[in-house]
Amino acid sequence: MTQDELKQAVARAAIEHVPAGVIGVGTGSTANYFIDELAKIKGRIDGAVASSEATAQRLKSHGIQVLDLNSAGELAVYVDGADEITEHMHMIKGGGGALTREKIVAACSRKFVCIADGSKLVGMLGNFPLPVEVIPMAQSYVARELVKLGGQPMLRQGFTTDNGNIILDVHGLQIMNPVELETQINQITGVVTNGLFARRPADVLLLGTSEGVRTLQA
(Lines give C-alpha, C1' and ligand atoms only; values in the text may rest on other atoms or scores of the structure.)
Protein backbone atom coordinates (compact mmCIF):
# COMPACT_ATOMS: atom_id res chain seq x y z
CA MET A 1 0.00 0.00 0.00
CA THR A 2 1.15 3.55 -0.70
CA GLN A 3 1.52 6.08 2.09
CA ASP A 4 -1.65 7.83 0.88
CA GLU A 5 -3.58 4.55 0.95
CA LEU A 6 -2.41 3.94 4.53
CA LYS A 7 -3.59 7.43 5.48
CA GLN A 8 -6.97 6.77 3.89
CA ALA A 9 -7.27 3.47 5.78
CA VAL A 10 -6.69 5.07 9.19
CA ALA A 11 -9.02 7.94 8.30
CA ARG A 12 -11.79 5.42 7.59
CA ALA A 13 -11.03 3.56 10.84
CA ALA A 14 -11.28 6.79 12.83
CA ILE A 15 -14.94 7.21 11.86
CA GLU A 16 -15.76 4.42 14.33
CA HIS A 17 -14.57 6.73 17.12
CA VAL A 18 -16.87 9.60 16.10
CA PRO A 19 -19.89 10.02 18.39
CA ALA A 20 -22.89 12.27 17.88
CA GLY A 21 -22.34 15.91 18.80
CA VAL A 22 -19.44 18.23 18.05
CA ILE A 23 -15.94 16.90 17.37
CA GLY A 24 -12.48 18.43 17.02
CA VAL A 25 -10.61 18.04 13.74
CA GLY A 26 -6.87 18.38 13.19
CA THR A 27 -4.71 19.72 10.39
CA GLY A 28 -2.55 18.10 7.73
CA SER A 29 -2.67 15.50 4.98
CA THR A 30 -3.96 12.63 7.14
CA ALA A 31 -6.53 14.88 8.80
CA ASN A 32 -7.69 15.93 5.33
CA TYR A 33 -8.48 12.30 4.49
CA PHE A 34 -10.42 12.10 7.76
CA ILE A 35 -12.46 15.18 6.80
CA ASP A 36 -13.32 13.55 3.48
CA GLU A 37 -14.54 10.44 5.35
CA LEU A 38 -16.39 12.59 7.90
CA ALA A 39 -18.34 14.19 5.07
CA LYS A 40 -19.95 10.80 4.34
CA ILE A 41 -21.52 10.68 7.84
CA LYS A 42 -21.95 14.40 8.46
CA GLY A 43 -25.63 13.91 9.33
CA ARG A 44 -24.51 12.10 12.50
CA ILE A 45 -22.64 15.09 13.97
CA ASP A 46 -23.69 18.60 14.94
CA GLY A 47 -20.53 20.20 13.60
CA ALA A 48 -16.79 20.41 14.09
CA VAL A 49 -14.19 22.65 15.69
CA ALA A 50 -11.26 23.24 13.34
CA SER A 51 -7.63 23.48 14.45
CA SER A 52 -6.67 25.77 11.56
CA GLU A 53 -8.10 28.04 8.90
CA ALA A 54 -7.19 25.43 6.25
CA THR A 55 -9.17 22.73 8.09
CA ALA A 56 -12.11 25.09 8.54
CA GLN A 57 -12.21 25.70 4.78
CA ARG A 58 -12.08 21.98 3.97
CA LEU A 59 -14.87 21.22 6.45
CA LYS A 60 -17.04 24.00 5.01
CA SER A 61 -16.40 22.76 1.46
CA HIS A 62 -18.02 19.46 2.51
CA GLY A 63 -21.00 21.24 4.08
CA ILE A 64 -19.89 20.49 7.65
CA GLN A 65 -20.71 23.27 10.09
CA VAL A 66 -17.63 24.81 11.72
CA LEU A 67 -18.18 25.95 15.30
CA ASP A 68 -16.22 28.24 17.60
CA LEU A 69 -14.49 26.36 20.42
CA ASN A 70 -15.62 28.87 23.05
CA SER A 71 -19.26 28.17 22.29
CA ALA A 72 -18.78 24.43 21.71
CA GLY A 73 -17.32 23.73 25.17
CA GLU A 74 -15.83 20.32 25.94
CA LEU A 75 -15.52 18.02 22.91
CA ALA A 76 -16.07 14.25 22.96
CA VAL A 77 -13.21 13.47 20.60
CA TYR A 78 -10.35 15.10 18.69
CA VAL A 79 -8.93 13.38 15.59
CA ASP A 80 -5.57 14.43 14.18
CA GLY A 81 -2.35 13.10 12.70
CA ALA A 82 1.24 13.27 13.97
CA ASP A 83 4.70 13.91 12.55
CA GLU A 84 6.16 11.42 15.04
CA ILE A 85 4.57 9.29 17.76
CA THR A 86 5.88 6.74 20.27
CA GLU A 87 4.13 3.74 21.78
CA HIS A 88 3.67 5.89 24.90
CA MET A 89 1.43 8.13 22.71
CA HIS A 90 3.80 11.10 23.00
CA MET A 91 3.95 13.06 19.74
CA ILE A 92 5.68 15.73 17.76
CA LYS A 93 3.15 17.79 15.80
CA GLY A 94 3.25 21.07 13.95
CA GLY A 95 4.82 20.23 10.61
CA GLY A 96 1.90 22.12 9.12
CA GLY A 97 2.32 24.99 11.57
CA ALA A 98 -1.02 24.60 13.39
CA LEU A 99 0.44 23.28 16.66
CA THR A 100 -1.02 25.90 19.01
CA ARG A 101 -4.61 25.54 17.89
CA GLU A 102 -4.18 21.77 17.66
CA LYS A 103 -2.96 21.71 21.26
CA ILE A 104 -5.89 23.87 22.41
CA VAL A 105 -8.51 21.66 20.73
CA ALA A 106 -6.81 18.51 22.06
CA ALA A 107 -6.87 19.95 25.59
CA CYS A 108 -10.62 20.53 25.31
CA SER A 109 -11.36 16.97 24.17
CA ARG A 110 -12.11 13.98 26.38
CA LYS A 111 -10.51 11.58 23.87
CA PHE A 112 -7.64 12.15 21.42
CA VAL A 113 -7.48 9.75 18.48
CA CYS A 114 -4.23 9.96 16.53
CA ILE A 115 -4.26 8.66 12.95
CA ALA A 116 -0.93 7.96 11.27
CA ASP A 117 0.81 5.74 8.76
CA GLY A 118 3.39 3.29 10.07
CA SER A 119 6.37 5.51 9.24
CA LYS A 120 5.37 7.92 12.01
CA LEU A 121 5.87 5.40 14.83
CA VAL A 122 9.32 5.90 16.41
CA GLY A 123 11.26 4.63 19.41
CA MET A 124 12.35 8.14 20.44
CA LEU A 125 11.11 11.57 19.38
CA GLY A 126 13.39 14.13 17.80
CA ASN A 127 14.36 12.97 14.33
CA PHE A 128 11.56 15.20 13.03
CA PRO A 129 12.48 18.83 13.83
CA LEU A 130 10.47 20.13 16.79
CA PRO A 131 8.29 23.14 15.82
CA VAL A 132 8.14 25.99 18.34
CA GLU A 133 5.67 28.85 17.81
CA VAL A 134 7.25 32.14 18.85
CA ILE A 135 6.13 35.76 19.14
CA PRO A 136 8.23 37.50 16.43
CA MET A 137 10.04 40.03 18.66
CA ALA A 138 11.36 37.14 20.79
CA GLN A 139 12.86 35.17 17.88
CA SER A 140 16.54 35.73 18.67
CA TYR A 141 16.16 35.30 22.43
CA VAL A 142 14.15 32.08 22.11
CA ALA A 143 16.63 30.72 19.56
CA ARG A 144 19.53 31.30 21.98
CA GLU A 145 17.63 29.52 24.77
CA LEU A 146 16.86 26.56 22.49
CA VAL A 147 20.55 26.25 21.63
CA LYS A 148 21.25 25.96 25.39
CA LEU A 149 18.88 22.96 25.41
CA GLY A 150 20.98 21.26 22.73
CA GLY A 151 18.85 22.15 19.71
CA GLN A 152 19.62 23.85 16.42
CA PRO A 153 16.70 26.21 15.73
CA MET A 154 15.96 27.34 12.20
CA LEU A 155 13.37 29.92 11.20
CA ARG A 156 10.66 28.46 8.98
CA GLN A 157 11.08 30.79 6.03
CA GLY A 158 8.09 32.59 4.55
CA PHE A 159 5.64 31.14 7.06
CA THR A 160 3.29 32.84 9.51
CA THR A 161 0.94 30.91 11.78
CA ASP A 162 -2.81 31.52 11.88
CA ASN A 163 -2.04 33.43 15.10
CA GLY A 164 0.39 35.82 13.35
CA ASN A 165 3.54 34.29 14.81
CA ILE A 166 6.69 32.58 13.50
CA ILE A 167 7.90 28.98 13.76
CA LEU A 168 11.36 27.90 14.81
CA ASP A 169 12.04 24.29 13.76
CA VAL A 170 14.50 22.76 16.22
CA HIS A 171 16.86 20.14 14.78
CA GLY A 172 19.20 17.78 16.56
CA LEU A 173 17.18 16.96 19.67
CA GLN A 174 17.09 13.51 21.23
CA ILE A 175 13.97 13.74 23.34
CA MET A 176 14.38 11.29 26.21
CA ASN A 177 11.77 12.94 28.47
CA PRO A 178 9.07 14.57 26.32
CA VAL A 179 6.90 15.77 29.24
CA GLU A 180 9.84 17.53 30.90
CA LEU A 181 11.09 19.13 27.67
CA GLU A 182 7.60 20.28 26.66
CA THR A 183 7.29 22.12 29.98
CA GLN A 184 10.84 23.50 29.81
CA ILE A 185 10.41 24.99 26.32
CA ASN A 186 7.00 26.44 27.11
CA GLN A 187 8.54 28.34 30.03
CA ILE A 188 10.88 30.28 27.71
CA THR A 189 9.54 33.83 27.51
CA GLY A 190 8.21 34.51 24.02
CA VAL A 191 7.25 30.91 23.27
CA VAL A 192 3.56 30.45 22.55
CA THR A 193 3.83 26.65 22.65
CA ASN A 194 5.88 23.84 21.16
CA GLY A 195 5.03 20.77 19.10
CA LEU A 196 5.53 18.21 21.86
CA PHE A 197 2.20 16.63 22.73
CA ALA A 198 3.27 14.74 25.85
CA ARG A 199 1.47 16.39 28.76
CA ARG A 200 -1.73 15.69 26.80
CA PRO A 201 -0.83 12.63 24.70
CA ALA A 202 -3.08 10.64 22.39
CA ASP A 203 -5.45 8.13 23.97
CA VAL A 204 -5.72 5.92 20.89
CA LEU A 205 -3.35 5.47 17.93
CA LEU A 206 -4.72 4.08 14.68
CA LEU A 207 -1.61 3.05 12.78
CA GLY A 208 -1.75 2.22 9.08
CA THR A 209 0.43 -0.77 8.16
CA SER A 210 0.67 -3.11 5.19
CA GLU A 211 -1.12 -5.73 7.30
CA GLY A 212 -4.00 -3.37 8.09
CA VAL A 213 -4.84 -0.78 10.74
CA ARG A 214 -3.31 -1.47 14.16
CA THR A 215 -4.95 0.01 17.26
CA LEU A 216 -2.66 1.05 20.11
CA GLN A 217 -3.93 2.48 23.39
CA ALA A 218 -2.19 4.39 26.16
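Above this text is the structure in question.
What counts, and at which threshold
- Residues numbered from 1 in each chain as written.
- Predicted model: local features only at pLDDT ≥ 70, side-chain atom pairs only at ≥ 80, totals over all residues.
- Heavy atoms only, no water.
- Pairing = 2+ DSSP bridges.
- Helix = DSSP H or I, 4+ residues; strand = E, 2+ residues; numbered from the N terminus.
- Axes fitted to C-alpha atoms, helices over the stretch in contact; angles between N-to-C directions.
- Contact = heavy atoms within 4.5 Å.
- Buried < 20%, exposed > 50% of the residue type's maximum accessible area, 1.4 Å probe, protein only.
- Polar contact = N/O pair within 3.5 Å; in protein donor to acceptor, adjacent residues only side chain to side chain.
- 1 Å grid on protein atoms, 1.4 Å probe; cavity = no way out; pocket = protein on both sides within 12 Å on 5 of 7 lines; lining within 4 Å.
- Points joined across faces, edges and corners; volume = space filled by probe spheres on them.
- Nonpolar A, V, L, I, M, F, W, Y, C, P; charged D, E, K, R; others polar.
- Core = buried A, V, L, I, M, F, W, Y, C linked by side-chain atoms within 4.5 Å.

**Some remarks on the sheet that holds strand 12 (residues 204–209)**
Picture the strands of a sheet paired through backbone hydrogen bonds; they go either parallel or antiparallel.
Turning to step 1, where the next piece is worked out: With mixed pairing, the 6 strands of this open sheet are ordered in space as 2-1-3-6-12-13. Each of the sheet's edge strands pairs with one partner strand only, and the pair in question is strand 2 (45–50) and strand 13 (212–217). Taken over all neighbouring pairs, the strand axes of this sheet differ in orientation by 20° on average, direction set aside.
Turning to step 2, where the next piece is worked out: One ladder, built from 5 bridges, connects strand 1 (residues 21–25) with strand 2; its direction is parallel. Of the residues in strand 2, the one forming a bridge with Gly 21 is Ile 45.
Turning to step 3, where the next piece is worked out: Packed onto the sheet, helix 5 (residues 99–107) meets strand 1, strand 2, strand 3 (75–80) and strand 6 (109–117) and runs at close to 145° relative to strand 3.

**Some points on the environment of Asp 80**
Turning to step 1, where the next piece is worked out: Inspection of the secondary structure puts Asp 80 in strand 3.
Turning to step 2, where the next piece is worked out: Since its relative accessible area comes to 0%, Asp 80 is described here as buried.
Turning to step 3, where the next piece is worked out: Put simply, Asp 80 and Ala 106 are 26 residues apart on the chain and 9.0 Å apart in space, counted from C-alpha to C-alpha.
Turning to step 4, where the next piece is worked out: Aside from chain neighbours lying at most four places away, what touches Asp 80 is Gly 26, Thr 27, Ala 31, Lys 93, Glu 102, Phe 112, Val 113, Cys 114 and Ile 115.
Turning to step 5, where the next piece is worked out: In this structure the side chain of Asp 80 is engaged in a polar contact, spanning 2.7 Å, whose partner is the side chain of Lys 93.

**Let's talk about the side chain of Asn 194**
Turning to step 1, where the next piece is worked out: Inspection of the secondary structure puts Asn 194 in strand 10 (residues 191–194).
Turning to step 2, where the next piece is worked out: Assessed through its relative accessible area of 0%, Asn 194 is described here as buried.
Turning to step 3, where the next piece is worked out: A distance of 2.8 Å separates the side chain of Asn 194 from the side chain of Asn 186, its partner in a polar contact.
Turning to step 4, where the next piece is worked out: Filtering out sequence-adjacent residues up to four positions away, Asn 194 remains in contact with Leu 99, Lys 103, Leu 130, Pro 131, Val 132, Glu 182, Ile 185 and Asn 186.

**A word on empty space enclosed by the protein**
Turning to step 1, where the next piece is worked out: Using the criterion set out here, one finds 1 cavity of 30 Å³ or more in the structure.
Turning to step 2, where the next piece is worked out: If you add up the space inside the largest cavity, you get close to 40 Å³.
Turning to step 3, where the next piece is worked out: Together, Ser 51, Ser 52, Gly 97, Ala 98, Arg 101, Glu 133, Thr 161, Asp 162 and Asn 163 line the largest cavity.
Turning to step 4, where the next piece is worked out: Here the lining of the largest cavity is built from residues that sort into 1 nonpolar, 5 polar and 3 charged.

**Re the nonpolar core**
Turning to step 1, where the next piece is worked out: The biggest cluster of nonpolar side chains holds 25 residues, and the ones touching the most others in it are Ile 23, Val 25, Phe 34, Leu 38, Leu 59, Ile 115 and Leu 206.
Turning to step 2, where the next piece is worked out: Breaking this core down by element, the ones donating at least two residues are helix 1 (3–14), strand 1, helix 2 (29–38), strand 2, helix 3 (53–61), strand 3, strand 6 and strand 12.
Turning to step 3, where the next piece is worked out: Looking at this core, the element that brings in the most residues is helix 1, giving 4 residues.

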